[in-house]
Amino acid sequence: MGRFDHLATTPARGAADVLKWKLGAREKAVADGFVTPHRTYDRSLVESGRASLTWIGHASFLLVLGGLRILIDPILATGLGTTKRLAPAGIPLEDLTEIDLVLITHNHRDHLDTPTLSRILAAHAVHPGKLGKKNPPLRPRFVVPQGNGALLAKLGAGAIDELAWWQSVRVGQVEITLVPARHWSMRMPWDRNEALWGGFVIRGPEGAAYHSGDTGFFDGFAEIGARNGGSIDWAMLPIGAYAPRWFMEPQHMGPEEAVQASKLLGARTFVAMHWGTYKLTDEPIGEPPVLAREAFLKGRGDMERLWILDVGETRRL
């Protein structure tokens, strides 16, 4: 029994389900020639300290809020197992050397990527930091769900805040709250649900951002929205890794569900993520944004409030 089994997604998916999916009749992806769009990030805006959001790819973002540079679920890996990265990272490693905070939503390997985190920590160890070579180098502070701190400490992380759902920590002008998600955790076959998972509400003077982490659709979105007084400005929600539905529904939303989640949250702007970077599931690579646009037009209408970013695209907040 895992420490957090009572909070885990139901019905659970185990090894037998994986085999059924992998060895059964797979949904064939359409070879539509889709190429994930990529652009150079706005370095001047990021370095200015003004509020901004850059999609690095997958569920990885660089958020600048309250003057802090906040890295969320960073993964720069060129591949996951036999799956190759489909677009280069939106911000190169050499430009990720003055990070104030790193937020990790859960311990699955496409969200807590130890090689990426080791590289980021090593880069900070030799970087002079914002104040010059006579001062200690910047060391990012980590905020993670309970049970994930020990792994990060082994990688060399210094300050680590482990949170339960609805717990908060304040850093400067920014408050970070861990909120529920319909998901689960595992890095090894023997540690299933020993560590917690979740999403984050990150509130600064310029507004409030929400990152769901991985999640299936659930009524918790309404509670997250209510507890934040309907004041979530930017909601980063997954639109990919949803097929086949019989397998993925408990743990990953589809695009239509993500649009509904944005409504329950009361989010002013929906920022799509978790698509176009790694081919993890059966849907065609280019399908998620098409379905998201259709659902958003039908369910919300104001298309300026739907951000489907290119990898590397920076938006001012």
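Bear in mind the structure is a predicted one, so any value in this text is a computation, not a measurement.

### Some thoughts on the pairing of strand β2 (residues 60–65)
Alright, step 1. Among the six residues in β2, six count as buried, and that is most of the element.
Alright, step 2. The alternating pattern of β2 places Ser 60, Leu 62 and Val 64 on one face and Phe 61, Leu 63 and Leu 65 on the opposite face, and all of these are buried.
Alright, step 3. In textbook terms, the turn of a hairpin is the stretch between consecutive antiparallel strands, and for strand β1 (residues 52–57) and β2 this stretch comprises two residues, one of which, His 58, has a positive phi near 55°.
Alright, step 4. Bridge count between β2 and strand β3 (residues 68–72): five bridges; the pairing is antiparallel. Considered in β3, the bridge of Leu 62 is made with Leu 71.
Alright, step 5. Linking β2 to β3, which pair antiparallel, is a turn of two residues; within it Gly 66 sits at a positive phi near 60°.

### Structural notes on the packing of aromatic side chains
The relation between two aromatic rings is expressed through the spacing of the ring centres and the mutual angle of the planes.
Alright, step 1. Evaluation of the coordinates by the stated rule reveals seven aromatic pairs.
Alright, step 2. With 6.0 Å between their ring centres and 50° between their planes, Phe 34 and Trp 275 make a pair best called tilted. With Phe 34 in the loop between α1 (15–23) and α2 (43–48) and Trp 275 in the loop between β14 (269–273) and α8 (287–299), the pair connects residues that are 241 residues apart, well separated along the chain.
Alright, step 3. Taking 4.9 Å as the distance between ring centres and 75° as the angle between the ring planes, the aromatic pair formed by Phe 218 and Phe 221 counts as edge-to-face. Phe 221 carries the same exposure label as Phe 218, and that label is buried.
Alright, step 4. Three or more aromatic residues link up through ring pairs in this structure, and these residues are Phe 34, Trp 55 and Trp 275.
Alright, step 5. It is Arg 192 that lies over the ring of Trp 184; its NZ or CZ is 4.2 Å from the centre.

### Focus on α8
Structurally, the α-helix is built with 3.6 residues per turn, so residues lying three or four positions apart point the same way.
Alright, step 1. The end-to-end C-alpha separation of α8 is 18 Å, in line with the 18 Å expected for 13 residues at 1.5 Å each.
Alright, step 2. Every buried residue of α8 is accounted for by Pro 288, Pro 289, Ala 292, Ala 295 and Phe 296. Down the axis of α8, the buried side of the element spans an arc of 130°, and every buried residue falls inside it. Every exposed residue of α8 that faces more than 90 degrees away from the buried side is listed here: Leu 297 and Lys 298.
Alright, step 3. Elements in contact with the buried residues of α8: α7 (255–265), β14 and β15 (306–307).
Alright, step 4. One or two positions beyond α8, positive phi appears at Gly 301, with a value near 95°.

### Side note on the packing of helix α5 (residues 220–227) against α7
Alright, step 1. Axis separation between α5 and α7 bottoms out at 7 Å; the angle between their running directions is 30°. Judged by the twist between their axes, the crossing of α5 over α7 is right-handed. Residue-level contacts link Phe 221, Ala 222, Ile 224 and Gly 225 of α5 to Ala 261, Leu 264 and Leu 265 of α7.

### Concerning the nonpolar core
Alright, step 1. Grouped together as the largest cluster of nonpolar side chains are 60 residues, with contacts concentrated most on Ile 70, Ile 176, Ile 202, Tyr 210, Leu 237 and Leu 265.
Alright, step 2. Judged by nonpolar contacts, the second largest core, of 21 residues, contains Val 46, Ile 104, Ile 120 and Phe 142.

### Side note on the pattern of salt bridges
Alright, step 1. Applying the stated rule across the entire model yields ten salt bridges.
Alright, step 2. A salt bridge links Arg 141 to Asp 161; its shortest N-O distance comes to 2.6 Å. Pair noted here: Arg 141 is in strand β7 (residues 141–145) and Asp 161 is in strand β8 (residues 160–163), with a separation of 20 residues, a long-range link.
Alright, step 3. Its relative accessible area of 18% is what places Asp 161 among the buried residues.
Alright, step 4. One connected set of salt bridges, linked through shared partners, spans Arg 39, Asp 310, Glu 313 and Arg 315.

What counts and how
Residues numbered from 1 in each chain as written. Predicted model: local features only at pLDDT ≥ 70, side-chain atom pairs only at ≥ 80, totals over all residues. Heavy atoms only, no water. Buried < 20%, exposed > 50% of the residue type's maximum accessible area, 1.4 Å probe, protein only. Helix = DSSP H or I, 4+ residues; strand = E, 2+ residues; numbered from the N terminus. Pairing = 2+ DSSP bridges. Phe/Tyr/Trp six-rings, centres within 6.5 Å; stacked < 30°, edge-to-face > 60°. Lys NZ or Arg CZ within 6 Å of the ring centre and 35° of its normal. Expected span 1.5 Å × (residues − 1). Arc of directions from axis to C-beta. Contact = heavy atoms within 4.5 Å. Axes fitted to C-alpha atoms, helices over the stretch in contact; angles between N-to-C directions. Left-handed = near helix turned anticlockwise from the far one by under 90°. Core = buried A, V, L, I, M, F, W, Y, C linked by side-chain atoms within 4.5 Å. Salt bridge = Lys/Arg side-chain N within 4 Å of Asp/Glu carboxyl O.

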